[in-house]
Amino acid sequence: MERDEIVARPIRKAEFGEPIPVTIEDMLNEISNQGPAIPAVISSVQPQLEALDPALLAESSHIYITGCGDSYFAGLAARYAFARYAGVPTEALEALEFGRYTAEFAPPGSLVFGISNSGKATRSVEALVNARLGGARTVAITGNSEGWLAQEAETILDQSVRLAGELIGMPSNLATDEEEDKPRRGSFGLVNYLASLTTLYLIAFQTGVVRGRITESEADGLRAELRSTAGLIAETVRICTPAAEAYAEQVKAVESYTFLGSGPSLATSLFYAAKTYELPRVYGVSQELEEWAHEQFFLTGTGTQVMFIAPQGRSVSRIQELLHTTRTMGGCGVVVTDESNPDLSEAADVTLPVAGSVSEALSPLVYCVPGQLFATHLAKARGRLAFEFDSPLQYEMNMRTIQESQLIEFHSDRE
């Protein structure tokens with residue numbers, strides 16, 4: 001017989017100031033300048049990983065990655081890298097699902113990475129609390145080493161990003177006015193997503209080294225590829241902006257979009273959908289590539305907008321087939337891909353180009369950019385700021401709903 005003792009902690013009051021409007025100019029500036037976060041995080045986080053007790057990574061039986069929103073997407077995006085390089089079973093679960101339904105049943109020897117850049121997301125904190133109560137080892141991945149998430153974790157990986165001594169997390173220093181008497185521009189926090197992705201990839205590589213899955217030389221090569229994505233981001237902004245702007249203008253009256261991906265690109269499709277909610281405020285649906293063929297296919301017809309996220313990799317052949325299906329049914333097939341996939345571009349109605357040819361495992365770092373550009377230009381075409389709250393109440397409720405939620409501990413007594 002199993003009995004659960006549920007303990008509710010006192011609710012913490014959130015501290016938040018006034019929202020900073022994010023203009024289209026601010027957003028485009030942040031998209032253009034986010035790449036330097038990647039080498040900055042590598043320089044900061046890799047020494048922290050090397051200073052850890054190797055047993056923490058070498059002896060873990062199972063790895064869980066958990067968080068909310070973009071932090072959760074980063075975990076999903078990194079799963080394939082952990083499978084390919086780390087040599088340990090790895091799952092990414094949304095924070096409520098993990099904290100309330102999985103944490104106490106995690107296998108012995110489990111290691112849990114909880115992600116919250118602010119360190120204030122209640123569900124992410126709750127996930128680590130219940131993981132620890134269930135016997136797992138816990139690591140906070142955060143940009144706030146003094147925050148709530150860090151306080152509840154046994155180990156902290158500080159991924160706060162600094163360039164020339166200035167913090168470039170949210171709110172961002174990337175778009176500051178040169179004149180000191182002018183206020184800092186608004187920021188959407190895109191750097192935070194890249195920081196979480198970069199940290200997770202570094203963990204996967206380091207885990208592979210300490211477990212003997214890859215050599216240190218191979219890990220160095222992977223870190224070099226990781227570092228190189230900063231330049232690919234900048235080039236993708238340059239080559240993709242005209243196409244993203246033209247497509248956004250073309251579909252500015254459309255109220256819903258479907259984003260499809262598989263493997264690491266499933267996370268990218270979720271990221272795209274989230275940006276369409278948050279920026280232009282339209283309905284973006286993320287779906288796993290194959291499931292679309294079994295489900296949303298029945299809603300596909302004239303004017304349906306279907307965007308395929310297609311880095312070179314294991315799903316290109318299936319994307320080719322489903323792109324044909326979309327267009328045969330009268331839908332608009334949009335493909336996000338690089339020059340290594342010319343057949344996809346030729347078969348699509350619209351191509352949002354990506355620079356270079358990054359490996360599929362690391363592709364989310366670069367492939368997030370076309371979704372950012374599209375959502376920003378769609379907001380512009382629809383006459384909105386890049387990111388704005390509809391009312392003071394909406395802003396207050398957004399902050400309180402995420403940061404002032406009840407934290408629940410689960411203490412199980414198994415007989």
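Residues numbered from 1 in each chain as written. Predicted model: local features only at pLDDT ≥ 70, side-chain atom pairs only at ≥ 80, totals over all residues. Heavy atoms only, no water.

Caption draft 1: The arrangement of the overall build of the chain in detail. Looking only at helices and strands, the chain features 15 helices and 14 strands. Compactness check: the chain gives a C-alpha radius of gyration of 21 Å against a globular reference of 22 Å for 415 residues, within 12% of the reference. Along the longest, intermediate and shortest principal axes, the C-alpha atoms of the chain span 60 × 50 × 45 Å. Residue burial in the chain is summarised as follows: out of 415 residues, 53% are buried. A separation threshold of at least 6 residues defines the contact pool for the chain, and within that pool the share at least 24 residues apart is 77%. Summed over all atoms, the accessible surface of the chain reaches about 17,100 Å², with 52% contributed by carbon and sulfur. (Helix = DSSP H or I, 4+ residues; strand = E, 2+ residues; numbered from the N terminus. Rg over C-alpha atoms; globule rule 2.2 N^0.38 Å. Buried < 20%, exposed > 50% of the residue type's maximum accessible area, 1.4 Å probe, protein only. Contact = heavy atoms within 4.5 Å. Areas by Shrake-Rupley, 256 points an atom, 1.4 Å probe, with all protein chains shown as cover.)

Caption draft 2: Spatial organisation of the packing of aromatic side chains. Scanning the entire structure with this criterion turns up 13 aromatic pairs. Taken together, the ring pairs in this structure connect Trp292, Phe297, Phe298 and Phe308 into an aromatic cluster. (Phe/Tyr/Trp six-rings, centres within 6.5 Å; stacked < 30°, edge-to-face > 60°.)

Caption draft 3: Region of interest: the sheet that holds strand S4 (residues 110-115). Across the sheet, five strands lie side by side as S3-S2-S4-S5-S6; this open sheet has parallel pairing. Only two strands of the sheet have a single neighbouring strand rather than two, namely strand S3 (90-94) and strand S6 (155-158). Across this sheet, the average inter-strand angle for adjacent strands is 20°, counted without regard to direction. Where strand S2 (residues 62-67) meets S3, five bridges bridge the pair, whose relative direction is parallel. Directly across from Gly67, in S3, lies its bridge partner Glu94. With respect to the sheet, helix H6 (residues 122-133) is in contact with S2, S4 and strand S5 (137-142), its orientation differing from that of S5 by roughly 160°. (Pairing = 2+ DSSP bridges. Axes fitted to C-alpha atoms, helices over the stretch in contact; angles between N-to-C directions.)

Caption draft 4: Up close: the UniProt feature "domain: SIS" (unreviewed entry) in the chain. Per the UniProt record, the feature "domain: SIS" (unreviewed entry) sits at residues 52-213 and 247-389. For residues 247-389, the end-to-end C-alpha separation is 25 Å, with 43% helix and 20% strand making up the annotated structure. (UniProt positions renumbered as here; feature names shortened; annotations may be inferred.)

Caption draft 5: Structural context of empty space enclosed by the protein. All chains considered together, the criterion is met by one cavity of 30 Å³ or more. Roughly 30 Å³ of internal volume is contained in the largest cavity. Forming the boundary of the largest cavity are Ser262, Ser265, Ile309, Ala310, Pro311, Ser315, Val316, Ile319 and Glu360. Grouping the amino acids of the lining of the largest cavity by side-chain chemistry returns five nonpolar, three polar and one charged. (1 Å grid on protein atoms, 1.4 Å probe; cavity = no way out; pocket = protein on both sides within 12 Å on 5 of 7 lines; lining within 4 Å. Points joined across faces, edges and corners; volume = space filled by probe spheres on them. Nonpolar A, V, L, I, M, F, W, Y, C, P; charged D, E, K, R; others polar.)

Caption draft 6: Focus on the side chain of Lys275. Mapped onto the elements, Lys275 comes out in helix H10 (residues 264-278). Once residues lying within four places of it in the same chain are set aside, the contact partners of Lys275 are Asp70, Phe188, Pro280 and Ala375.

Caption draft 7: Layout of the domain arrangement of the chain. Under the domain assignment, the chain is made up of domain 1 (5-214 + 390-411) and domain 2 (240-382). On the domain 1 side of the interface with domain 2, the three residues burying the most area are Ile24, Phe73 and Tyr80, jointly 24% of the side's total. Taken together, the links from domain 1 to domain 2 amount to two salt bridges. With a shortest N-O distance of 3.1 Å, Asp70 and Lys275 are connected by a salt bridge. Elements with a contribution of two residues or more to the side of domain 1 that touches domain 2: helix H1 (24-32), helix H4 (70-86) and helix H8 (190-210). The element best represented in the side of domain 1 that touches domain 2 is H4, accounting for nine residues. (Domains from an automatic or database assignment. Buried area = accessible area lost by both parts, 1.4 Å probe. Salt bridge = Lys/Arg side-chain N within 4 Å of Asp/Glu carboxyl O.)

Caption draft 8: The pattern of salt bridges, seen in detail. Tallied over the full model, the rule gives 21 salt bridges. Salt-bridge contacts for Arg132 lead to Glu152; the nearest nitrogen and oxygen are separated by 3.5 Å. Here Glu152 lies in helix H7 (residues 148-152) and Arg132 lies in helix H6, a separation of 20 residues in the sequence. We classify Glu152 as buried; its relative accessible area is 12%. In this structure, Asp220 engages Arg223 in a salt bridge whose closest nitrogen and oxygen atoms are separated by 2.7 Å. Note that Asp220 and Arg223 are positioned in helix H9 (residues 216-250) at a spacing of three residues, about one turn of the helix. Because the salt bridges share partners, they merge into one network encompassing Arg9, Arg132, Glu152 and Glu409.

Caption draft 9: Fine view of the sheet that holds strand S13 (residues 350-354). Taken in spatial order, the five strands make up an open sheet running S10-S9-S11-S12-S13, and their pairing is parallel. In this open sheet, the two edge strands, each paired with only one partner strand, are strand S10 (283-288) and S13. Neighbouring strand axes in the sheet, compared pairwise and without regard to direction, differ in orientation by 20° on average. Across the sheet, H9 touches strand S9 (256-261), strand S11 (305-309), strand S12 (332-338) and S13, and the angle it forms with S13 is around 155°. Docked against the sheet, H10 engages S9, S10, S11 and S12, running at close to 170° with respect to S10.

Caption draft 10: Up close: the state of the cysteines. According to the stated counting rule, one finds zero disulfides in the structure shown. Looking at the unpaired Cys332, the closest cysteine sulfur is the one in Cys240, lying at 14 Å. With relative accessibility at 10%, the residue Cys332 sits in the buried group. In this structure Cys368 is a free cysteine whose sulfur lies 11 Å from that of Cys240, the closest cysteine sulfur available. (Disulfide = S-S within 2.5 Å.)

Caption draft 11: Representation of the packing of helix H2 (residues 37-51) against H8. The geometry of H2 relative to H8 is characterised by a closest axis approach of 9 Å and an angle of 40° between their N-to-C directions. In terms of orientation, H2 and H8 fall into the oblique class. Crossing angle aside, the handedness with which H2 passes H8 is right-handed. Contact residues: Ala37, Ile38, Val41, Ile42, Val45, Gln46, Leu49 and Glu50 in H2; Val191, Leu194, Ala195, Thr198, Thr199, Leu202, Ile203 and Gln206 in H8. (Parallel < 35°, antiparallel > 145°, perpendicular 65-115°, else oblique. Left-handed = near helix turned anticlockwise from the far one by under 90°.)

Caption draft 12: A look at H6. Between its terminal C-alpha atoms H6 stretches 16 Å, which fits the 16 Å expected from twelve residues at 1.5 Å a residue. By the criterion of burial, H6 is predominantly enclosed, with ten of the twelve residues buried. Within H6 the residues assigned to the buried category are Thr122, Arg123, Ser124, Val125, Glu126, Ala127, Leu128, Val129, Asn130 and Ala131. One or two positions beyond H6, positive phi appears at Gly135, with a value near 100°. (Expected span 1.5 Å × (residues − 1).)

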